Each structure stands twice: as C-alpha cells, then as structure tokens.
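This is what each chain is made of:
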Amino acid sequence: MQSKHIFKSKSEMNENIFRLCYGDLYIIGRLWIETLKSVLVGANMALIPAVYAAAPAPEPKYPPLMKYKDLPLYQSPHYEYKDHVADKEKCPMAHTPLLQEYLLPSVKTFRMDTQKSMCQIGCGFSNAWQQLKMEMADHERNFKRYMRNPENYTMRITSVVLGTFSGFYLTRKRGVPGKIFGTTLGGLVAGSVSFPDESDRSFREILYRGGKVLIYMYNILCSDDYALEERLSCREDLPPNPPPRKPQCPMK
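What comes next is a walk through the structure. Remember, it's a predicted structure, so these values are computed and weren't measured experimentally. (Residues numbered from 1 in each chain as written. Predicted model: local features only at pLDDT ≥ 70, side-chain atom pairs only at ≥ 80, totals over all residues. Heavy atoms only, no water.)

Observations regarding the layout of surface pockets
The condition is simple: Every definition here rests on a 1 Å grid over the protein atoms only: cavities are sets of points where a 1.4 Å probe fits but cannot get out, pockets are open sets enclosed by protein on both sides within 12 Å along at least five of seven lines, and lining residues have some atom within 4 Å of a point. Grid points are joined across faces, edges and corners, and a volume is the space filled by probe spheres set on the points.
Taken as a whole, the largest pocket spans an internal volume of roughly 160 Å³. Around the largest pocket sit I206, L207, G210, G211, V213 and L214, which together line it.

Structure below.
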C-alpha cells in the first residue's frame, strides 16, 4: 500500500520549506538590489553573473647584464628567461609570423587563381595563333593551287605581266641597270607563284648568261682567259630512261 505522506518527518518538512523560502528571498533581493543600482547609479543590470577569464601572466623580459657580485642569491633571472625561451621554441607556431599566418592562405589562393587565369589566357593565345597559322597556310596553299591551275592560264599570264610592270614602276626613277634589275625581279617574283618551274629555269638561265657576259667583259679588259663551265642539263631536259629490254637468249 502506497504511503500518502510526502515528508518522512516534521523536521524534514521544515528544512525543505526553509530552503525554498530562503532561495526565493535571495533571488528577489538580488533583483531588487540590481534594479535600485541601475536606477540610482546608472549601472548595467546583469541578472546572470558574468565570469571573466583571468589576465595572462606577463612574459618575462630579458634581464640586463649583471656582474657576478650583483647576481641575486635565491633567484636566477637569466636561467628563468632561458627556460621561458625554450618553452616558446617548443610551440610549432613559434617561428611563424602572425601576419603571414593570416595572409598566407589568401595570398596563396590569389596566386593560384592568377596563375590559372594567366595559363588559360596564354593557352588561348597559343591556340588562336596556331589556328591562325593553319588558316594562313591553308589560304596560301589554296592560292597557289588556284594560281597554278592550268585552267587559269590567262590569269597566270596577267599576274606575271602585272608583276613585271610593278617592278618597272618602282624603279622608274633609277638608272638603266636599276630598271632592268627591278623589272626582272618583279617578273620572277610574280612568275614564281604562277609558273614555279618555268621561273626557276629562267632564273638559272639569266644567272648563267649574265655570268658569261661578265666573264667575257673581264677577259677583254684584263687580257685574261677565264671561262665558265657549261651549264649541266636539268633532269627535266634529259630524255626519259629507255624501257628495259627483254633478254634475247634464254637463260641456261
């Protein structure tokens, strides 16, 4: 059978009532004192008491140099400072500057982003330059193929004539040798695009004939007997190789 009594004895009941009344009176009195303090003095009322951390102990300073007569008997400031420095050296962040510790992550991230951006810009320029070179090479190849097409013979002749006239026009204010050189050079440059093989043979022929004329004039003026070797025939000028002949006699 369950008991209906809350307290076991009268003394226990009085003790609990005393504790309850004392605690309530303490809280009410504390609130009243703090309220009067805030009204009369102007202090901030703190219902919950704050606990502040104790101030850290000041670090020992480097003791000045002393003579052995001035050293204290029961103290060793130099050894204490040495022990303090040794304890600080044990910390892994002892030699890391505070400013570097806070700025290094941001600077490292900024440098990585900058290097990545510069790499992307450089790769973009490199790819664009390679693409431009390929397109220019394709245009040059297509232009040469178009200008060397046998069906465009009239245009090829016209380009050679225009190149020759341009060389003459650019050297029109020079002497006769300059005009001859400019006209020939303009025709050869234009012909190297439209008629590469014919221009090459013409250039070789002009050099050969001009060399023979210069040597002939030198021999006349200096009474010498120099001569230029005869020009060898080009492979295109040689006749084709004869077809292989079948053996007449049967092999034994």
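Notes on helix 5 (residues 176-194)
Counted only if it meets this: In DSSP terms, a helix is any run of H or I states spanning at least four residues, a strand is any run of E spanning at least two, and both are numbered starting from the N terminus. Residue count minus one, scaled by 1.5 Å, sets the expected span of a helix. Burial here depends on accessible area, computed with a 1.4 Å probe over protein chains only, as a share of the maximum for the residue type. Under 20% is buried, over 50% is exposed, and the range in between is partly exposed. Contact between two residues is taken to exist if any of their heavy atoms lie within 4.5 Å; hydrogens are not considered.
With 19 residues, helix 5 should reach 27 Å at 1.5 Å per residue; the first-to-last C-alpha distance of 27 Å fits that figure. Three or more residues of helix 5 are buried, namely G182, G186, G187, L188, A190, G191 and S194. Looking at the buried positions of helix 5, the neighbouring elements they touch are helix 3 (98-147), helix 4 (153-170) and helix 6 (196-222).

Quick look at the packing of aromatic side chains
Rules: Paired rings are identified among Phe, Tyr and Trp, the last through its six-membered ring, by centres lying within 6.5 Å, and are further divided according to the angle between planes into stacked (under 30 degrees), edge-to-face (over 60) and tilted (the rest).
For the coordinates displayed, the defined rule picks out 2 aromatic pairs. An angle of 80° between the planes, with centres 6.1 Å apart, marks the rings of Y153 and F195 as edge-to-face. Within this pair, whereas Y153 is found in helix 4, its partner F195 is found in the loop between helix 5 and helix 6, the two being separated by 42 residues in sequence. A relative accessible area of 48% means that Y153 is categorised as partly exposed. On the numbers, 6.5 Å between centres and 25° between planes, the contact of F165 with Y169 is stacked. Of this pair, F165 and Y169 are both found in helix 4, 4 residues apart, which corresponds to roughly one turn of the helix.

What to know about the pattern of salt bridges
What counts is decided by this rule: Definition used for salt bridges: Asp or Glu carboxyl oxygen within 4 Å of a side-chain nitrogen of Lys or Arg.
According to the stated counting rule, one finds 3 salt bridges in the structure shown. A salt bridge links E140 to K144; the nearest nitrogen and oxygen atoms lie 3.3 Å apart. Separated by 4 residues within a single helix, E140 and K144 lie in helix 3, roughly one turn from each other. When its relative accessible area of 45% is taken as the criterion, E140 is described as partly exposed. Notably, a salt bridge pairs R209 with E205, separated by 2.7 Å at the nearest N-O pair. Here the residue R209 and the residue E205 both occupy positions in helix 6, the gap between them amounting to 4 residues, near one helical turn. Judged by relative accessible area, R209 falls into the partly exposed class, the value being 47%.

Just geometry here; none of it tells us what the structure is for.
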